[in-house]
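# Structural description and commentary
Here are the chains, one letter per residue:
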Amino acid sequence: MDFSEMKQLLLEYLLKEELISATISQPRTKSSDLKRVKLKPIKLKGSYHVQLEYQFERVLKHENIPLSLIGNHLNNLFEQFRQFQGEFISEKVHVQLSKKNKVLWKAEKTEKKTVNLAHNRKKNYLLDPEQPYPFLIRLGVQSPEGKVKKQKYDKFKQINRFIEFIHDSLDYLPKNRTIRILDFGSGKSYLTFALYHYLKVEQGLDIRVTGLDLKKEVIEECSKIAKDLQYGQLEFLVGDINNYNNETSVDMVVTLHACDVATDMALARAVKWGARVILSVPCCQHELNRQLQSTPLDIMLQHGIIKERFAALATDSIRAEILNLVGYDAQLLEFIDMEHTPKNILIRAYYTGKKPTIVQKARYNAFTEFLSAKPFLENELKEYLD
Ligand SMILES: C[S@@+](CC[C@H](N)C(=O)[O-])C[C@H]1O[C@@H](n2cnc3c(N)ncnc32)[C@H](O)[C@@H]1O
């Protein structure tokens, strides 16, 4: 079999949709930054594609190719690599090419397998716990070999859960320009890196992300990691959410455990910038706890612990309601189960532009009056609420 017959034969396997998985490796030039490419079949919007996962020294990139274009890609790949290992429905194929493209072809019949076209085969995890991710290795969630460290499994779950929310928000993000994203109170920035990895590296979207935090050393460390990972569209800035006026328009705002009213500051800015998507997991809550006064609730509020929890729940309900009143569809969802952290409510809001009804406004006013609440967020968004 010669070089072009070999490529033709492999192409036929692909066109017959028999691919289970394959790896193309052994770069022809030793210095190549691209080490190998993995192939797997996936279904996108109902049509069969082959996903190419380009494994560079430090970064992974994905490209989904419709079958009509896969021949060109295969030719390209064999110009760069000399080895192919593939599993098809009932055959395993190993191809080794010499420098002059002499073909060594080995094929072995196997038991018949079924093709799995699910985008993510290990359900519940958009990140595969068996696969090394450069950003997770760098953040110490995975070992250098790419295994999730035992003591970091909760963090891994949390990152995955967050990525699920990002994934669900994709339809609300603009498609025809750079998507602008801000993470307020980004701290050690596990989620900022995860967000970048998912949207830029996995989905190939045109994004620009900024993480903002008060802590200079943490920001310096995150900037260094982003540089090392060659995450060119991810920056970290030292600053206070309340004084951050560098933007006129932002598409997505995220916050995770930004303390007390820092969450409200972030929400207010998101609304003013017309963010399409807001994902916010609040943290400790003191503001309403200080204000709460409601005689019919005294039986509850006389107990400090109940008052604190009630204040936190009421605060998040008020936040969601304010977002609903200013044109969002806001929901309170479980972020991660209670056993990991009690701070587990996520505010998810998508901009719809819907105007509130008089009844909705009256319901909000009655609730805040009943609690003697004067919410920071209400004050910040006064002009949007009238
Ligand atoms: C509990 S940490 C969470 C960090 C990160 N989002 C995470 O989940 O790993 C809260 C972060 O919010 C930052 N923060 C609090 N108030 C802030 C403000 N007004 N402006 C900027 N950052 C703030 C703190 O410095 C801290 O790093």
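The preceding data block contains the structure.
Computed from a predicted model, the values in this text were never measured in an experiment. (Residues numbered from 1 in each chain as written. Predicted model: local features only at pLDDT ≥ 70, side-chain atom pairs only at ≥ 80, totals over all residues. Heavy atoms only, no water.)

### Remarks on empty space enclosed by the protein
Over the atoms, a rolled probe matching the size of one water molecule traces out where space is still vacant. The test is simple: Here a cavity means grid points, on a 1 Å grid over the protein atoms only, where a 1.4 Å probe fits yet cannot get out; a pocket means an open set of points with protein on both sides within 12 Å along at least five of seven lines; lining residues are those with an atom within 4 Å of a point. Grid points are joined across faces, edges and corners, and a volume is the space filled by probe spheres set on the points. The helix count covers DSSP runs of H or I at least four residues long, the strand count covers runs of E at least two residues long, and both are numbered beginning at the N terminus. Residue type decides the class: Asp, Glu, Lys and Arg count as charged, Ala, Val, Leu, Ile, Met, Phe, Trp, Tyr, Cys and Pro as nonpolar, and the leftover types, Gly among them, as polar.
All chains considered together, the criterion is met by 1 cavity of 30 Å³ or more. If you add up the space inside the largest cavity, you get close to 80 Å³. Where the lining of the largest cavity is concerned, the elements lending two or more residues are α8 (287-291), α10 (304-325) and α12 (376-380). The class makeup of the residues in the lining of the largest cavity is 6 nonpolar, 2 polar and 3 charged.

### As for the site of the ligand
Applied cut-off: The near set for a molecule or strand comprises every residue that places at least one heavy atom within 4 Å of it. Two N or O atoms form a polar contact when they lie within 3.5 Å of each other; inside protein one atom must be a possible hydrogen donor and the other a possible acceptor, and for residues adjacent in sequence the pair counts only when both atoms belong to side chains. Here, Shrake-Rupley sampling with a 1.4 Å probe gives the accessible areas, and only protein chains in the shown set may cover a residue.
Taken together, 13 residues are adjacent to the ligand, and G185, D213, D240, I241 and L256 come closest. A distance of 2.6 Å separates an oxygen atom of the ligand from a polar atom in the side chain of D213. The backbone of I241 places a nitrogen or oxygen atom 2.9 Å from a nitrogen atom of the ligand. When the ligand is considered free in solution it has 600 Å² of accessible area, and contact with the protein chains removes 82% of it. Among the residues forming the shell around the ligand, the class breakdown is 5 nonpolar, 5 polar and 3 charged.

### Quick look at helix α1 (residues 3-15)
The periodicity of an α-helix, 3.6 residues per turn, causes residues three or four positions apart to be oriented the same way. Cut-off, in case you're wondering: Here a helix's expected span is defined as the number of its residues, less one, multiplied by 1.5 Å. Using a 1.4 Å probe on the protein chains alone, a residue whose accessible area is under 20% of its type maximum counts as buried, one over 50% counts as exposed, and one in between counts as partly exposed. What the arc measures is the spread of directions leading from the helix axis to the C-beta atoms. What makes two residues a contact is simply this: any of their non-hydrogen atoms within 4.5 Å.
In this model α1 runs 18 Å from its N-terminal to its C-terminal C-alpha over 13 residues, within 8% of the 18 Å that 1.5 Å per residue would give. Those residues of α1 that fall on the buried side of the exposure criterion are F3, M6, K7, L10, L11, Y13 and L14. Mapping the buried residues of α1 onto a view down its axis gives an arc of 155°, with all of them on the same face. Buried positions along α1 lie against β1 (19-27), β3 (47-56), α2 (67-80), β5 (81-88), β6 (91-97) and β7 (103-109).

### Describing the pattern of salt bridges
Note the following rule: Salt bridges are counted wherever a side-chain nitrogen of Lys or Arg sits within 4 Å of a carboxyl oxygen of Asp or Glu.
Taken as a whole, this structure holds 14 salt bridges when the rule is applied. A salt bridge links R138 to D228; its shortest N-O distance comes to 2.5 Å. Linking R138 in helix α3 (residues 134-138) with D228 in helix α6 (residues 216-228), this pair joins segments that are 90 residues apart in sequence. With its nearest N and O atoms 3.1 Å apart, the salt bridge here joins R161 to E164. Taken together, the residues R161 and E164, both in helix α4 (residues 153-169) and 3 residues apart, mark about one turn of the helix. Of the residues examined, R161 reaches a relative accessible area of 26% and is grouped as partly exposed. Salt bridges sharing common partners tie together R180, R208, E235 and E247.

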